[in-house]
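What the coordinates show
Here is how the chains run, residue by residue.
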Amino acid sequence: MAQAGNVLHFSGHHYLRNRLVLSILSGKAVRIDKIRSDDKNPGLRDYEVSLLRLLERVTNGTVIEISVTGTAILLKPGIIAGGSVTHECPLSRSIGYFLEPVIMLAPFAKKPLHLTLRGITTDDRDLSADLFRTVTLPYLQMFGISEGLELRIKKRGSPPLGGGEVQFLCPVVKQVKTLNFVEPGRIKRIRGISHAVRVSPQFSNRMIEAARSVLNRYIPDIYLYSDVYKGEDSGKSPGYALSLLAESSTGAMHCAEATSQPGVPPEDIALLASRALLEEIRRGGCVDRKHQSLVLLMMVLGSEDVGRCRMGEPTARTIQFLRDVKDFFGTSFKIFPADPADESSSDLLFSAYGVGYVNANRSLA
Amino acid sequence: MHGRRGKRKDWTKLIYMSSLSPADILRDISNASARGEQGMSLDDEDFFTVVSSSGPQEQEEFDQTKEALRAEDLKVWEDEEMLNSIRSLFITGESAE
């Protein structure tokens, strides 16, 4: 598939993860330069180098060249291998940073991926292990990636010292299903996971109580689970967080979470998470804003048919992702208002013709 | 014509046929809706729009999935009216007619 001289070129460290993923999936080499070249600390960060190493491990034959100054990289993708991989994530980013790109690749690997990641399991930048398990994985299931799909949180690890461990198991598929998800439905239940490690276990219950004070008014079907990890399994640093998700009658999901901050009582963290969830619900659509890119990517890779999905307004990340997808796959989405008659609705309908991506790596053993 | 433009964005065009940065596309939209609230009487002058140059501070921007939660932004949800405004999105709320 990859032809010599077929190198896509980008500048800057932004959106690095998505570009690397698209390169590996499309088989097109990518060159990214001017990586923080004007920064007083130029070049790749430790977590970006770590991500490159991880991508090298889950693939086979990938060539990565990093310039001496670290401000430019060239990636010539190999095949997605999968298999059993263990990776120590640096403490500068949580495991979510590493899982997000891997989850986009794993279904198309040669062998089912069994990935163990160690580090920080919940932070305020990337999806926590909890949201991954409860929201990201169900999204993949919509595309027919389901049997054997699992995320186990073995140990929790809060910043700054981490000490957490998760296991991600992903099956391989031949092809992903075409998505047709245009009915947002109405929210029928809210679920949540509250956890507190190396602090009073009471914190977890206090968060649940505070979240209920906001959410109870809407629906009775609210179940907030207090997840307890003790001793070794609770990592090296104290911390707590509340992850919430709302599910609609048609399976649309919205999620939000807030993590502990120094000097902020657990009640306030819970209120923050609850209100952020309401904000997500208000923004509408069938897909959570944090998962727009993942869903759009799977739609592009879907079988040669028109996939449709209703979403709220795209985030900045999604906008850039759509542009990058066009560069790599030549696919552009049609985006138009979902309810042209309703002036107050900002929901959009995204539709695209799938490229019919077939997993050629898959071993038929 | 220009007044209409603020209400409905042609996303396909903005994303694939413009060179605006993602942040600019989104900023443009929030400007447009802010203008809308101040009254549409300014429509005639819509032709010349002041581009807000108060760009984001040039601090390290992380490649992150979650947007930072800001308590100030979520203050609106302390308001009873706001809380009630989304009731129709739940199965228990009365259906939007």
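Being a predicted model, the structure only gives us computed values, none of them experimental.

Let us look at the overall build of chain B. Looking only at helices and strands, one finds five helices and zero strands in chain B. For chain B, the sequential pattern of α-helices and β-strands runs α-α-α-α-α. Going through the 97 residues of chain B one by one, you find that 23% of them count as buried. As presented, chain B carries roughly 7,200 Å² of accessible surface, and 52% of it is formed by carbon and sulfur atoms.

A count of helices and strands for chain A gives eight helices and 18 strands. In summary, chain A has a C-alpha radius of gyration of 20 Å against a globular reference of 21 Å for 365 residues, a match within 12%. For chain A, the C-alpha atoms occupy an extent of roughly 60 × 50 × 50 Å along the three principal directions. Relative to its full complement of 365 residues, chain A shows a buried share of 61%. Pairs at least 24 residues apart make up 72% of the contacts formed inside chain A by residues separated by at least 6 positions. Summing over all exposed atoms, chain A offers an accessible surface of approximately 13,900 Å²; the carbon and sulfur share of this is 49%. Averaging the coordinates of the 45 positive side-chain charges in chain A and doing the same for the 38 negative ones gives two points 3 Å apart.

So, on to the pairing of strand S14 (residues 239-248) of chain A. Residue and element names in this part refer to chain A. A large share of S14 lies buried, amounting to nine of its ten residues. As paired elements, strand S12 (residues 187-197) and S14 share ten bridges and run antiparallel to each other. The partner of Gly-192 across the bridge, within S14, is Leu-244. Adjacent in sequence and paired antiparallel, S14 and strand S15 (residues 253-259) are bridged by four residues, among which Gly-251 carries a positive phi angle near 95 degrees.

Contact residues are listed per partner, giving 44 residues for chain B and 59 residues for chain A. Note on chain B versus chain A: buried area summed over both sides is about 4,600 Å², and carbon and sulfur give 56% of it. Contact with chain A buries surface across chain B, with Tyr-16, Asp-63 and Lys-66 of chain B losing the most and accounting together for 18% of the total. Applying the counting rule to chain B against chain A returns six salt bridges. One salt bridge in this structure joins Lys-66 of chain B and Glu-257 of chain A, with 2.5 Å as the shortest N-O distance. At the junction of chain B with chain A, the criterion picks out 29 residue pairs in polar contact (both at pLDDT 80 or more). When residues of the side of chain B that touches chain A are traced back to their parent elements, those giving at least two are helix H2 (11-16), helix H3 (22-38), helix H4 (71-74) and helix H5 (80-85) of chain B.

Below, the discussion takes up the environment of Gly-354 of chain A. Residue and element names in this part refer to chain A. Tracing the backbone through its elements, the reader meets Gly-354 in the segment after strand S18 (348-353). Look at Gly-354 and you get buried, because its relative accessible area is 4%. A C-alpha to C-alpha distance of 16 Å links Gly-354 and Pro-107, two positions 247 residues apart in sequence. Discounting chain neighbours no more than four positions away, the residues touching Gly-354 are Met-299, Val-300, Gly-302, Ser-303, Glu-304 and Asp-305.

Mapped onto this numbering, the UniProt entry gives "domain: RNA 3'-terminal phosphate cyclase insert" (unreviewed entry) at residues 182-282 of chain A. Across residues 182-282 of chain A, the secondary structure splits into 31% helix and 34% strand, with the terminal C-alpha atoms separated by 16 Å.

Quick look at unusual backbone geometry now. All names here are of chain A. Cis peptide bonds are those with omega within 30 degrees of zero, and the linkage from Pro-159 to Pro-160 qualifies with 5 degrees. Relative to the helices and strands, Pro-160 is located in the loop between strand S9 (150-155) and strand S10 (164-170). Positive phi outside glycine occurs at Lys-34, with the angle close to 50 degrees. Mapped onto the fold, Lys-34 is located in the loop between strand S2 (29-33) and helix H2 (46-58).

As a further point, take the sheet that holds S14 of chain A. Residue and element names in this part refer to chain A. An order of S13-S12-S14-S15 is seen for the four strands of this open sheet, with the pairing classed as mixed. Strands at the two margins of the open sheet, each flanked by one partner only, are strand S13 (222-227) and S15. Between one strand axis and the next, the sheet turns through 15 degrees on average, direction left out of account. Of the strand pairs in this sheet, S14 and S15 are connected by seven bridges, and their pairing is antiparallel. Each residue of the ladder has a partner; that of Leu-245, found in S15, is Cys-255. Each of S12, S14 and S15 touches helix H4 (residues 129-141); the most contacted strand, S15, lies at about 165 degrees to it. Strand contacts of helix H6 (residues 266-283): S12, S14 and S15, with the helix running at about 155 degrees to S15, the strand carrying the most contacts.

Residue and element names in this part refer to chain A. Applying the stated rule across the entire model yields eight aromatic pairs over all chains. Ring centres 5.2 Å apart and planes at 85 degrees place the aromatic pair Tyr-47 and Tyr-97 in the edge-to-face group. One end of the pair, Tyr-47, is in helix H2; the other, Tyr-97, is in helix H3 (residues 95-105), with 50 residues separating them in the sequence. Since its relative accessible area comes to 0%, Tyr-97 is described here as buried. When the ring of Phe-108 is compared with that of Tyr-357, the centres are 5.2 Å apart and the planes differ by 85 degrees; the resulting orientation is edge-to-face. Taken as a pair, Phe-108 in the loop between H3 and strand S8 (111-119) and Tyr-357 in the segment after S18 lie far apart in primary sequence, 249 residues in all.

Cut-offs and rules
- Residues numbered from 1 in each chain as written.
- Chains lettered and ligands numbered in written order.
- Predicted model: local features only at pLDDT ≥ 70, side-chain atom pairs only at ≥ 80, totals over all residues.
- Heavy atoms only, no water.
- Helix = DSSP H or I, 4+ residues; strand = E, 2+ residues; numbered from the N terminus.
- Buried < 20%, exposed > 50% of the residue type's maximum accessible area, 1.4 Å probe, protein only.
- Areas by Shrake-Rupley, 256 points an atom, 1.4 Å probe, with all protein chains shown as cover.
- Rg over C-alpha atoms; globule rule 2.2 N^0.38 Å.
- Contact = heavy atoms within 4.5 Å.
- Lys, Arg positive; Asp, Glu negative; His and termini not counted.
- Charge placed at Lys NZ, Arg CZ, Asp CG, Glu CD.
- Pairing = 2+ DSSP bridges.
- Buried area = accessible area lost by both parts, 1.4 Å probe.
- Salt bridge = Lys/Arg side-chain N within 4 Å of Asp/Glu carboxyl O.
- Polar contact = N/O pair within 3.5 Å; in protein donor to acceptor, adjacent residues only side chain to side chain.
- UniProt positions renumbered as here; feature names shortened; annotations may be inferred.
- Axes fitted to C-alpha atoms, helices over the stretch in contact; angles between N-to-C directions.
- Phe/Tyr/Trp six-rings, centres within 6.5 Å; stacked < 30°, edge-to-face > 60°.

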